[in-house]
Amino acid sequence: RLLALAQDDVLLQAVAMDAAHAVFSRYRVSGKGGDPVREARSCAEAFGPAHLQVWKAACERALSGTFPVEQLVGHWELLSSAVSVFYDLHAQVLPNFFCDQREAYLEGFI
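Calculation criteria
Residues numbered from 1 in each chain as written. Predicted model: local features only at pLDDT ≥ 70, side-chain atom pairs only at ≥ 80, totals over all residues. Heavy atoms only, no water. Helix = DSSP H or I, 4+ residues; strand = E, 2+ residues; numbered from the N terminus. Expected span 1.5 Å × (residues − 1). Buried < 20%, exposed > 50% of the residue type's maximum accessible area, 1.4 Å probe, protein only. Salt bridge = Lys/Arg side-chain N within 4 Å of Asp/Glu carboxyl O. Axes fitted to C-alpha atoms, helices over the stretch in contact; angles between N-to-C directions. Parallel < 35°, antiparallel > 145°, perpendicular 65-115°, else oblique. Left-handed = near helix turned anticlockwise from the far one by under 90°. Contact = heavy atoms within 4.5 Å. Patch = residues over 30% accessible without salt bridge, like charges linked within 9 Å, V, L, I, M, F, W, Y side chains within 5 Å. Areas by Shrake-Rupley, 256 points an atom, 1.4 Å probe, with all protein chains shown as cover. Phe/Tyr/Trp six-rings, centres within 6.5 Å; stacked < 30°, edge-to-face > 60°. Polar contact = N/O pair within 3.5 Å; in protein donor to acceptor, adjacent residues only side chain to side chain. Nonpolar A, V, L, I, M, F, W, Y, C, P; charged D, E, K, R; others polar.

(A) Structural view of helix α4 (residues 72-90). With 19 residues, α4 should reach 27 Å at 1.5 Å per residue; the first-to-last C-alpha distance of 27 Å fits that figure. Those residues of α4 lying buried are H75, L78, L79, S81, A82, S84, V85, F86, D88 and L89.

Written out as structure tokens, the structure reads:
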């Protein structure tokens, strides 16, 4: 929801990604109680579309060459946080959402 409100605000998107990373980083390690694989899949299905939207927009801005210099640090922090969230949600299993959208993500990584 916060990501939808922050559609053009890179700093707010970075804050939202940092918060998501703080929550989802628990899925990087197995044995933390409950069913982390099932939980990660569920979170990926719910959070994935917003994450993909932010990821694609951030990659497009990075490659456009028209990003304001004073916003570069915040922009790269957004990309770094988005990569962390990506890893958090599929460290143990590749959720269907990420599998279905792998080409869109790989375009950003490459």
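(B) Summary view of the pattern of salt bridges. Inspection of the entire model under this criterion finds 3 salt bridges. Note that R38 and D35 form a salt bridge whose closest N and O atoms lie 3.6 Å from each other. A relative accessible area of 52% places R38 in the exposed class. On the basis of relative accessibility, which here comes to 34%, the residue D35 falls in the partly exposed class.

(C) Spotlight on the packing of helix α2 (residues 10-24) against α4. It is the contact of α2 with α4, at a shortest axis distance of 8 Å, that shows an interaxial angle of 25°. It follows from the interaxial angle that α2 and α4 lie roughly parallel. Between α2 and α4 lies a crossing whose hand is left-handed. Contact residues: V10, Q13, A14, M17, D18, A20, H21 and F24 in α2; G74, H75, L78, S81, A82, S84, V85, D88 and L89 in α4.

(D) Layout of a nonpolar patch on the surface. A cluster of nonpolar side chains, contributed by L11, L12 and V15, occupies part of the molecular surface with about 260 Å² of accessible area. If you trace the backbone, L12 turns up in helix α2.

(E) Quick look at the side chain of D88. Here D88 is to be found in helix α4. Not counting the four nearest positions on each side in its chain, D88 is found in contact with H21, F24, S25, Y27 and R28.

(F) Highlighting the packing of aromatic side chains. The tally for this structure, following the rule as stated, stands at 7 aromatic pairs. Taking the centre distance of 6.3 Å and the plane angle of 25° together, the rings of F24 and Y27 count as stacked. Site record: aromatic cluster; members linked through ring pairs are W55, F86, F97, F98 and Y105.

(G) The environment of R41, seen in detail. Within the secondary structure, R41 is located in helix α3 (residues 36-64). When the C-alpha positions of R41 and Q92 are compared, they lie 9.8 Å apart, and in sequence the two are 51 residues distant. Setting aside residues no more than four positions away along its own chain, R41 makes contact with V93 and P95.

(H) Structural context of the side chain of R61. In this structure, R61 sits in helix α3. By relative accessible area, R61 is classed as buried at 18%. Polar side-chain contacts of R61 include one of 3.4 Å to the side chain of Q13. Residues contacting R61, with those up to four places away along its chain left out, are V10, Q13, F67, H75 and L78.

(I) Local environment of the packing of α2 against α3. Contact geometry of α2 with α3 gives a least axis separation of 12 Å together with a crossing angle of 140°. Our pair here, α2 against α3, has a crossing hand that is left-handed. On α3, the residues that touch V10, Q13, M17, A20 and F24 of α2 are C43, F47, H51, V54 and R61. Among the residues forming the contact of α2 with α3, the class breakdown is 7 nonpolar, 2 polar and 1 charged.

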